[in-house]
Amino acid sequence: MAKGKKIKRSFKLILSIILLIIIGISCYFIYDKILNKTTVSSEVEKLMQENNISDDNYSKTLEYVLLNNIYNENYLEEYKDIEFRDQGNFANVLTTFLPKGYSGSEINYIFNLSDTNIEKLENIDYIDISNYYEYKNFDVSKIDRYNDYYEDNNYNYEDVVTYVNINLDLPVYTDTLEVDDPNSILVLVNKYNYLPKGYEPDDLAYLDGYYGNNVPVRGIIKEPFLELQKAAAEEAGIDFMPTTAYRGYSFQATLYNNYVASDGVAAADTYSARPGYSEHQTGLAIDLKNTALGDGIRLTDEDYEWLSNNAYRWGFIIRFPEDKTDITGYQFENWHIRYVGMDAAKIIYENDLTLEEYIDMHVTEY
Ligand SMILES: [Zn+2]
C-alpha cells in the first residue's frame, strides 16, 4: 500500500514539473511575440500614420519599404501582392521594376529569374514575362521571338522557349555561330553552329573499319566504343563496325558538293551537312554497320532497338532519332551515334532528348 502511494505521488510530481515546463515555454513564446510586435509595430504604425496608410494595407513588404525608406504611395496596392523575401536584391527589384509598370504579382515572377535575366530586364521597358518566367532556360532577350514562335506554331510555352533557344525559328545556315570549344565532348555542331574551318582534333586514334579501313576518331572515345562493340556482340550477337567517323573539312566539302550535284541543295541538306557543319568533323560521331548485312542496309530494326537502348551505357547517343527530325534538322539515321560522355548520355536517353535540347536545358546558363 505504502509503496503504491509513493509511486503515485512521485508520478504526480513529475507530471506537475512537465506541466510547469510547458507553461513556462508557452509564456516565453507569447511574451516574445507580443514584445516583438510592439517594438516593430509602434515604429511601423507611426510610419503608416504619417503616410495615411490604413491598417488593412499592412504587409511584411509594406513594413520593409517603410523601414527602408523606399515607400512610394503609388505602389501601395502592389506591396500587398509582393511576397516578402529576405534577400539582398529585394529593395533593388522593387525600386527598379515597380516604376517600369510591373504589378506586384509580376514582381514575384521577377524573383524567379536568374541574375543575368534580371539585369537584362532592367535595361528594357516593361515586357510581359508571365508565360515564360518559370522556365529555367527562359532568356529575357528572346521574348519577341518566343511570342512570335508561339503565335505561329502549336507548341506549349515550355517547348517554345527551348525551340527558340535552339534557333528553330530561324532559317538554317544563316546567322550561324562558330562553336566556342570544338574539343569539348559536348560540342554542338548543327545547322546553326559550325566548327572553325581548320579544326582537326589533336588526339585522333584509329578503329578497324568495315571496309578494311582505319577509321579515325577522337582518342577519348576509342575505349568506350570498343566496349560498346563488345557488348553488342555478347549481349545481342550483333557485329557493329564503323564505316566512317572523323571527316575533315575538305572531305566533307567534296561529299556535300557531290550530293548537291546529284540531288540539289534542298535534298542534300536533309541528309548531308555542309562543310564545317558536320558532326563528323568533331571526331565524336561514328556511322555504324552490322557486318552481317548486305551493302544496301546498315542496321536492322532489331539492331537499332538494341543500340538505341544501350549506347548510353558507354556515353553514346542516337544523334538523329526518328521522332526528332524537326529539332535536329536531319532525317532519321539509325546508324549515326555520337559520344557525349556517360552523364549526358544517361540523361538524354532517360528523358528522350536530343543533344540540342539537352544542352539548352541542362548545360547553358541563362
Ligand atoms: Zn553520320
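Coordinates for the structure precede this section.
Since we're looking at a predicted model, the values are computed, not measured.

**Re the overall build of the protein chain**
- Across its full length, the protein chain carries 15 helices and 8 strands.
- Against the 2.2 N^0.38 benchmark of 21 Å for 366 residues, the protein chain shows a C-alpha radius of gyration of 32 Å, more extended than a compact globule.
- Seen through its C-alpha atoms, the protein chain measures out along the principal axes to roughly 95 × 75 × 40 Å.
- A buried classification covers 30% of the 366 residues belonging to the protein chain.

**Thoughts on helix 8 (residues 157–165)**
- Within the sequence span of helix 8, burial applies to V160, V161, Y163, V164 and N165.
- Positive backbone phi, approximately 85 degrees, marks N167, located one or two places after helix 8.

**Topic: the pairing of strand 4 (residues 214–218)**
- Among the 5 residues of strand 4, 4 are classified as buried, and the element is accordingly described as predominantly covered.
- Across 5 bridges, strand 3 (residues 204–208) lies against strand 4 in antiparallel orientation. For Y206, the partnering residue across the bridge sits in strand 4 and is P216.
- As consecutive antiparallel partners, strand 3 and strand 4 are separated by 5 residues, and within that stretch G212 has a phi angle of approximately 75 degrees, a positive value.

**A look at the sheet that holds strand 7 (residues 316–320)**
- An order of 5-6-8-7 is seen for the 4 strands of this open sheet, with the pairing classed as antiparallel. Sheet topology places strand 5 (240–244) and strand 7 at the edges, where each strand pairs with a single neighbour. Direction aside, the axes of adjacent strands within the sheet are offset by 50 degrees on average.
- Note: strand 6 (residues 285–290) against strand 8 (residues 333–339), 3 bridges, orientation antiparallel. Across the sheet, A285 pairs through a bridge with R338, a residue of strand 8.

**A closer look at the nonpolar core**
- One finds V217, A311, F316, I317, I337 and I348 to be the most contacted residues of the largest nonpolar core, which totals 43 residues.
- Those elements that place two or more of their residues in this core are strand 4, helix 9 (222–236), strand 6, strand 7, strand 8, helix 14 (342–350) and helix 15 (355–363).
- Core analysis: the second largest hydrophobic core is formed by 17 residues, L62, I110, L121 and V140 among them.

**A look at the packing of helix 14 against helix 15**
- The interhelical angle for the contact between helix 14 and helix 15, taken along N-to-C directions, is 110 degrees, at an axis separation of 10 Å. As judged from the angle between their axes, helix 14 and helix 15 are roughly perpendicular. In contact with A344, I347 and I348 of helix 14, helix 15 contributes L355, Y358 and H362.
- For the contact of helix 14 with helix 15, the class distribution of residues is 5 nonpolar, 1 polar and no charged.

**Thoughts on helix 4 (residues 90–97)**
- Of all the residues in helix 4, the buried ones are V93, L94 and F97. An end-on view of helix 4 places all buried positions within 95 degrees of arc, on one side of the element.

**What to know about the environment of D203**
- If you trace the backbone, D203 turns up in the loop between strand 2 (193–194) and strand 3.
- When the C-alpha positions of D203 and G283 are compared, they lie 9.3 Å apart, and in sequence the two are 80 residues distant.

**A short note on the environment of K120**
- Relative to the elements of secondary structure, K120 occurs in helix 6 (residues 115–122).
- Owing to 17 C-beta atoms within 10 Å, K120 belongs among the partly exposed residues under this scheme.
- Between the C-alpha atom of K120 and that of S141, which follows or precedes it by 21 residues, the distance is 6.9 Å.
- Not counting the four nearest positions on each side in its chain, K120 is found in contact with V140 and S141.

**Remarks on the packing of helix 7 (residues 143–152) against helix 8**
- It is the contact of helix 7 with helix 8, at a shortest axis distance of 9 Å, that shows an interaxial angle of 120 degrees. Of the possible angle classes, the one that applies to helix 7 and helix 8 is oblique. Handedness of the helix 7/helix 8 crossing: right-handed. Judged by residue contacts, R145, Y146, Y149 and Y150 of helix 7 engage Y157, V160, V161, Y163 and V164 from helix 8.

**Notes on unusual backbone geometry**
- Backbone geometry at N52 places phi at a positive 55 degrees, although glycine is not the residue there.
- Tracing the backbone shows N52 in the loop between helix 1 (2–50) and helix 2 (60–67).
- Looking at N52, the number of C-beta atoms within 10 Å reads 8, which means it is exposed.
- The residue D352 is not glycine, and still its phi comes out positive at about 55 degrees.
- Here D352 lies in the loop between helix 14 and helix 15.

Thresholds, definitions, all that
- Residues numbered from 1 in each chain as written.
- Predicted model: local features only at pLDDT ≥ 70, side-chain atom pairs only at ≥ 80, totals over all residues.
- Helix = DSSP H or I, 4+ residues; strand = E, 2+ residues; numbered from the N terminus.
- Rg over C-alpha atoms; globule rule 2.2 N^0.38 Å.
- Buried ≥ 20, exposed ≤ 12 C-beta atoms within 10 Å, placed from the backbone.
- Pairing = 2+ DSSP bridges.
- Axes fitted to C-alpha atoms, helices over the stretch in contact; angles between N-to-C directions.
- Core = buried A, V, L, I, M, F, W, Y, C linked by C-beta atoms within 7 Å.
- Parallel < 35°, antiparallel > 145°, perpendicular 65-115°, else oblique.
- Contact = placed C-beta atoms within 7 Å.
- Nonpolar A, V, L, I, M, F, W, Y, C, P; charged D, E, K, R; others polar.
- Arc of directions from axis to C-beta.
- Left-handed = near helix turned anticlockwise from the far one by under 90°.

Purely geometric numbers; function is a separate question.
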